[in-house]
Amino acid sequence: MIKVNFEKAEEVKNLSKHVSAAKTHISDLLAGKIDMTGWVDHPIKYDKEEFARIKEVANEIKNEAEVLVSIGIGGSYLGAKAAIEYLSNYYSHRTVGAHTNGVEVIFAGNGLSEKYLKETLDYVEGKNFYINVISKSGGTLEPATAFDKFKALCEKKYGKDGAKKRIIATTDKAKGILKEEADREGYRTFVVPDDIGGRYSVLSAVGLLPIAAAGFDIDKLMKGAEAARSIYTVADENKNDAMKYAIIRNLYYENGKDIEVFATLSPNMQYFAEWLKQLFGESECKGNKGIFPASLSMTADLHSMGQLMQEGKRNMFETFIMIENDYDKDRVKYNDKFFVNDLNDIALRATEKAHHTGNVPVIEVKVPEQNETTLGELFYFFEMSCAISALILGVNPFNQPGVEEYKKNIKELLK
């Protein structure tokens, strides 16, 4: 079970300020009074038949391919990449079949770098591969561009009929450019739920197929999320740390702390921090409001950003996300007294003490161990806390009107 330490948060004494509102928001989320809240009950109401098909297709990919190309942007790739990085041996997941019984999952369609796209196409060309293209509409420029190129490569390598088997579309259940193409070409499809937005979709087919193909146990992932739902939907600030975390974030914000630094202590968690940045940035930052989400990887970034954290503008607070048993069974000793992970813990304590003294409030989110079950809980914890926090702030956590502006500009310039 995740533990959250607020002991050094001075604003805890003012917690009652937003408790009543937070309880109402939890009730509204559970009752579905707000659009796009299907993620709230998804861990207990997900489509079991589709879930079985996901595992079946993932096993097929593992048996018949070396690589799965996951094409998507934003919530269509960040959750899956975060999960695979979090669960993998740092190096072996980059080698097909090593460490897990899964394939190598590589990601495309999350940018418009021609060099990256060409190098990824060149890398895949010599591999035995499948494609999972993920897009609600199919019209988003970045994944649409990448899919066009990888589809052509797949058809060239395996023929038109062979490509049909190797291209899987995760998209709208009934409409959109990608759905129409999938039906026309005969691709197998999975559903992006109508009531779950992209940044909340990692526990749907959007994230589950790539995670399962990489060799990880999605049954355990969903069990962790199910357990989290039973904890983090309780409308009691003394029993629900996701609720308490949401309230404290707003108290910091009201006291001028408008930057939250997510600090991780393992390289495997860097993309989890990227997932958090989208989740909070796109959910909360609207109408000239919101807490800017940033991230640091400790202890490396202490030697580049430590000065800013210690003596820069005092408008930030810090959330450490730590795995308590962050080591393999074959421990690495520093000396006769300490293992290397002990040094990591000591550095954490020293950093927390320094930053707290420097007027940077510190929150700890502790994960007992690094596995699928705790990851499912961690995903749900932050989804729920983000939704409550945004609602306390007075914004809709589930839309992103500002994102559409640059898209309109791109369409105009392409003309």
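Before reading on, note that the structure itself is shown above.
Below or above, wherever it landed, is the structure these notes cover.

Analysis parameters
- Residues numbered from 1 in each chain as written.
- Predicted model: local features only at pLDDT ≥ 70, side-chain atom pairs only at ≥ 80, totals over all residues.
- Heavy atoms only, no water.
- Helix = DSSP H or I, 4+ residues; strand = E, 2+ residues; numbered from the N terminus.
- Expected span 1.5 Å × (residues − 1).
- Bend = angle between axes of the 7 residues up to and from the residue.
- Pairing = 2+ DSSP bridges.
- Axes fitted to C-alpha atoms, helices over the stretch in contact; angles between N-to-C directions.
- Contact = heavy atoms within 4.5 Å.
- Patch = residues over 30% accessible without salt bridge, like charges linked within 9 Å, V, L, I, M, F, W, Y side chains within 5 Å.
- Areas by Shrake-Rupley, 256 points an atom, 1.4 Å probe, with all protein chains shown as cover.
- Salt bridge = Lys/Arg side-chain N within 4 Å of Asp/Glu carboxyl O.
- Buried < 20%, exposed > 50% of the residue type's maximum accessible area, 1.4 Å probe, protein only.
- 1 Å grid on protein atoms, 1.4 Å probe; cavity = no way out; pocket = protein on both sides within 12 Å on 5 of 7 lines; lining within 4 Å.
- Points joined across faces, edges and corners; volume = space filled by probe spheres on them.
- Nonpolar A, V, L, I, M, F, W, Y, C, P; charged D, E, K, R; others polar.
- Core = buried A, V, L, I, M, F, W, Y, C linked by side-chain atoms within 4.5 Å.
- Parallel < 35°, antiparallel > 145°, perpendicular 65-115°, else oblique.

So, helix α6 (residues 141-166)
Phase 1: For α6, built from 26 residues, the straight-helix expectation of 38 Å at 1.5 Å per residue is missed by more than 12%, its first-to-last C-alpha distance being only 22 Å.
Phase 2: Its maximal kink placed at Gly159, α6 deviates by approximately 115 degrees.

As for the sheet that holds strand β5 (residues 167-171)
Phase 1: The sheet built from five strands is open, its strands ordered β3-β2-β4-β5-β6 with parallel pairing. The sheet is open, and its two edges are formed by β3 (104-108) and β6 (188-191), each paired on a single side. Averaged over neighbouring strand pairs, the angle between their axes works out to 20 degrees when direction is ignored.
Phase 2: In terms of strand pairing, β5 meets β6 through four bridges, oriented parallel. Its bridge partner being in β6, Thr170 is matched across the sheet by Phe190.
Phase 3: Of the strands in this sheet, β2 (67-71), β4 (129-134), β5 and β6 touch helix α3 (residues 48-64), which is tilted by about 135 degrees from β6.
Phase 4: Contacts between helix α5 (residues 114-125) and the sheet are confined to β2, β3 and β4, with β3 contributing the most and set at about 150 degrees to the helix.

Observations regarding a nonpolar patch on the surface
Phase 1: A cluster of nonpolar side chains, contributed by Val332, Tyr334, Val340, Leu343 and Ile346, occupies part of the molecular surface with about 450 Å² of accessible area.
Phase 2: For Val332, the location among the structural elements is in the loop between β9 (316-323) and α13 (340-357).
Phase 3: Among the residues examined, Val332 registers a relative accessible area of 55% and is labelled exposed.

Some remarks on empty space enclosed by the protein
Phase 1: Counted under the stated rule, the structure contains three cavities of 30 Å³ or more.
Phase 2: Taken as a whole, the second largest cavity holds about 40 Å³ of empty space.
Phase 3: If you trace the second largest cavity, you find it lined by Trp39, His42, Pro43, Ile196, Tyr200, Ser201, Leu203, Ser204 and Glu383.
Phase 4: If you tally residues by element for the lining of the second largest cavity, the top one is helix α2 (residues 38-45), at three residues.
Phase 5: Classifying every residue of the lining of the second largest cavity by side-chain character gives five nonpolar, three polar and one charged.

Digging into the nonpolar core
Phase 1: Ranked by size, the top nonpolar core spans 87 residues in total, and within it Ile61, Phe272, Trp275 and Phe382 carry the most contacts.
Phase 2: Counting residues per element, this core draws most heavily on helix α14 (residues 372-393), which supplies twelve residues.
Phase 3: The residues contacting Phe272, other than those within four sequence positions of it, are Ala82, Ile321, Leu375, Leu378, Phe379 and Phe382.
Phase 4: One finds Val67, Leu121, Ile131 and Ala146 within the second-largest nonpolar core, a separate group that totals 22 residues.

Side note on the pairing of β3
Phase 1: Of all the five residues making up β3, five are buried; the element is thus mostly covered by neighbouring parts of the structure.
Phase 2: Residues Glu104, Ile106 and Ala108 line one face of β3 and the alternating positions Val105 and Phe107 line the opposite face, and both faces are buried.
Phase 3: Direction of pairing for β2 relative to β3: parallel, over a ladder of five bridges. Residue pairing in the sheet places Val69 in a bridge with Ile106 of β3.

Remarks on the packing of helix α8 (residues 205-213) against helix α9 (residues 218-232)
Between two packed helices, what matters for the description is the angle formed by their axes and the separation of those axes.
Phase 1: For the pair α8 and α9, the least separation of the axes is 10 Å and the interaxial angle reads 135 degrees. Taken together, the axes of α8 and α9 lie oblique to each other. Only Ile218, Leu221 and Met222 of α9 make contact with α8, whose side of the interface consists of Leu208, Ile211 and Ala212.
Phase 2: Taken together, the residues of the contact of α8 with α9 break down into six nonpolar, no polar and no charged.

Overview of the sheet that holds strand β10 (residues 362-367)
Phase 1: With respect to topology, five strands assemble into an open sheet ordered β1-β10-β9-β7-β8, the strand pairing being mixed. The open sheet is flanked by β1 (3-5) and β8 (292-297), the only strands paired with a single partner. Mean inter-strand twist for the sheet, computed between neighbouring axes without regard to direction, equals 20 degrees.
Phase 2: Pairing analysis gives six bridges linking β9 to β10, with the strands arranged parallel. Note that in β10 the partner of Glu318 across the bridge is Val362.
Phase 3: Seen against the sheet, α14 touches β1, β7 (259-264), β9 and β10 and runs at an angle of roughly 145 degrees to β10.

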